[in-house]
Amino acid sequence: MNEFVYLPENLDEALEIRASTGAVPIAGGTDLMVRYRRGSGIPPQFDFPVVLIGKIDALRYIEVSADNIHIGSATTLTEIFMNEDVPQILKLAVGEMASPAIRNVATIGGNIGNASPAGDTLPPLYILDAKIVLKNLNGEREVPIEDFITGPGQTILRSDEIIYEVTIPIGNFDKIYYRKIGTRKALALSKVSFSAAVNYRGDVIDDMRFAFGAVAPVVIRSREIEGEFKNITFNELKNREGEIAQKYSPLINPIDDQRSTAEYRRKVSLRLLKFFIQNVI
């Protein structure tokens, strides 16, 4: 085990350690512990210092303000799933992640910070216009999630910062949809994931959002395409299903890997889009 493992007592101490050493923050560790495992019963071997932040109370909360829901980065997936204030579309994704035991340890900040294109919380968070609050000793900054994640395993997190909070604007959708395609029903990484939400006035689309996971280097959401199909009726939308799919097709650039093929991911993601348009709205 790396000898540089820091266990701060509070957030200020964690930020001081992060600033002085650049130690990588670990909360639940369900991603990093697997990535650096050495075998059954053998502690993982990190080649970098780590700072353990999962037990810091200042990072574990779910609070509601006038305009937003605030979720501390070390809040576990189980805590999110059980909380009545958390948007349902995020809870649908969390409910299909891993096992109950892992959800008791894994955190929302870890799933975001891991920046995997297959991260299960990411498509719902894109749909929800979530923002990520980053904190260091000098203050904090807030960035949209799509600006925070720049590629597979890549973010704009600075070496002296910690993911402090996820902020989600308060609001409701008339219809939501979440679907994860995996090798099996539980304990499976996503081959493809899809989140969608819609608001309407009468039979007119007022707001419509789509997000695709595991089909490109980052989660795919296009506000430009969404805007083209607002203020049309349900029937118009259904009649233009093929046109919508054509617009998303160039954005979907999956890879072949051990879980699936690029061709399968492309076809399934567009079928999920069409299913939502034809059967859910």
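Here the structure is a predicted model, which means the values were calculated and not measured.

1. Regarding the overall build of the protein chain
- Counting its secondary structure elements, the protein chain contains twelve helices and 13 strands.
- Taken over the C-alpha trace, the protein chain has a radius of gyration of 19 Å; the compact-globule value for 281 residues is 19 Å, and the two agree within 12%.
- Expressed along its principal axes, the backbone C-alpha trace of the protein chain runs to roughly 60 × 45 × 30 Å.
- For the protein chain, the share of sequence-separated contacts (at least 6 apart) that also reach a separation of at least 24 residues comes to 62%.
- Total accessible area on the protein chain stands at roughly 13,400 Å², and carbon and sulfur atoms take up 48% of it.

2. Concerning the sheet that holds strand S6 (residues 131-136)
- Across the sheet, five strands lie side by side as S4-S5-S10-S6-S7; this open sheet has antiparallel pairing. For this open sheet the edge positions go to strand S4 (62-64) and strand S7 (139-144), each flanked by a neighbour on one side alone. Neighbouring strand axes in the sheet, compared pairwise and without regard to direction, differ in orientation by 25° on average.
- With five bridges connecting them, S6 and strand S10 (residues 162-169) associate as antiparallel partners. Within S10, the residue paired with Leu 134 across the bridge is Ile 163.
- Along the sheet, helix H1 (residues 11-21) contacts S6 and S10; its crossing angle with S10, the most-contacted strand, is approximately 120°.

3. Describing H1
- Restricting attention to buried positions, one finds in H1 the residues Leu 11, Ala 14, Leu 15, Ile 17 and Arg 18. Along the axis of H1, the buried positions cluster into a sector of 160°, meaning they face one direction only. Those residues of H1 that are exposed and aimed more than 90 degrees away from the buried face are Asp 12 and Ser 20.
- Against strand S1 (5-6), strand S2 (24-26), strand S3 (50-52), S6 and S10 lie the buried residues of H1.

4. Section: the pattern of salt bridges
- Following the criterion strictly, the structure yields 18 salt bridges and no others.
- One salt bridge connects Glu 146 with Arg 223, and the closest N-O pair in it is separated by 2.6 Å. Separated by 77 residues along the polypeptide, Glu 146 in helix H8 (residues 145-148) and Arg 223 in helix H9 (residues 223-228) bring together distant segments of the chain.
- For Arg 223, a relative accessible area of 41% translates into the label partly exposed.
- For Arg 201, the salt bridge goes to Asp 206, with nearest N and O atoms at 3.0 Å.
- Each of Asp 129, Glu 146, Asp 207, Arg 209, Arg 221, Arg 223, Glu 226 and Lys 230 takes part in one network of salt bridges that share partners.

5. Overview of the nonpolar core
- By size, the foremost hydrophobic cluster in this structure holds 31 residues, and its most contacted members are Ile 71, Leu 90, Leu 125, Ile 132, Val 166 and Ile 168.
- When contributions to this core are tallied by element, the ones reaching two or more residues are strand S5 (68-72), helix H3 (77-82), helix H4 (88-94), helix H6 (108-114), helix H7 (122-127), S6, H8 and S10.
- Here the element with the most residues in this core is H7; it accounts for four residues.
- The residues touching Ile 71, leaving out its near neighbours within four places in the chain, are Tyr 61, Ile 62, Ile 80, Val 86, Leu 90, Ile 108, Glu 165, Val 166 and Ile 168.
- Within the second largest apolar cluster, 30 residues are counted, among which are Ile 232, Tyr 248, Ile 252 and Leu 273.

Criteria and cut-off values
Residues numbered from 1 in each chain as written. Predicted model: local features only at pLDDT ≥ 70, side-chain atom pairs only at ≥ 80, totals over all residues. Heavy atoms only, no water. Helix = DSSP H or I, 4+ residues; strand = E, 2+ residues; numbered from the N terminus. Rg over C-alpha atoms; globule rule 2.2 N^0.38 Å. Contact = heavy atoms within 4.5 Å. Areas by Shrake-Rupley, 256 points an atom, 1.4 Å probe, with all protein chains shown as cover. Pairing = 2+ DSSP bridges. Axes fitted to C-alpha atoms, helices over the stretch in contact; angles between N-to-C directions. Buried < 20%, exposed > 50% of the residue type's maximum accessible area, 1.4 Å probe, protein only. Arc of directions from axis to C-beta. Salt bridge = Lys/Arg side-chain N within 4 Å of Asp/Glu carboxyl O. Core = buried A, V, L, I, M, F, W, Y, C linked by side-chain atoms within 4.5 Å.

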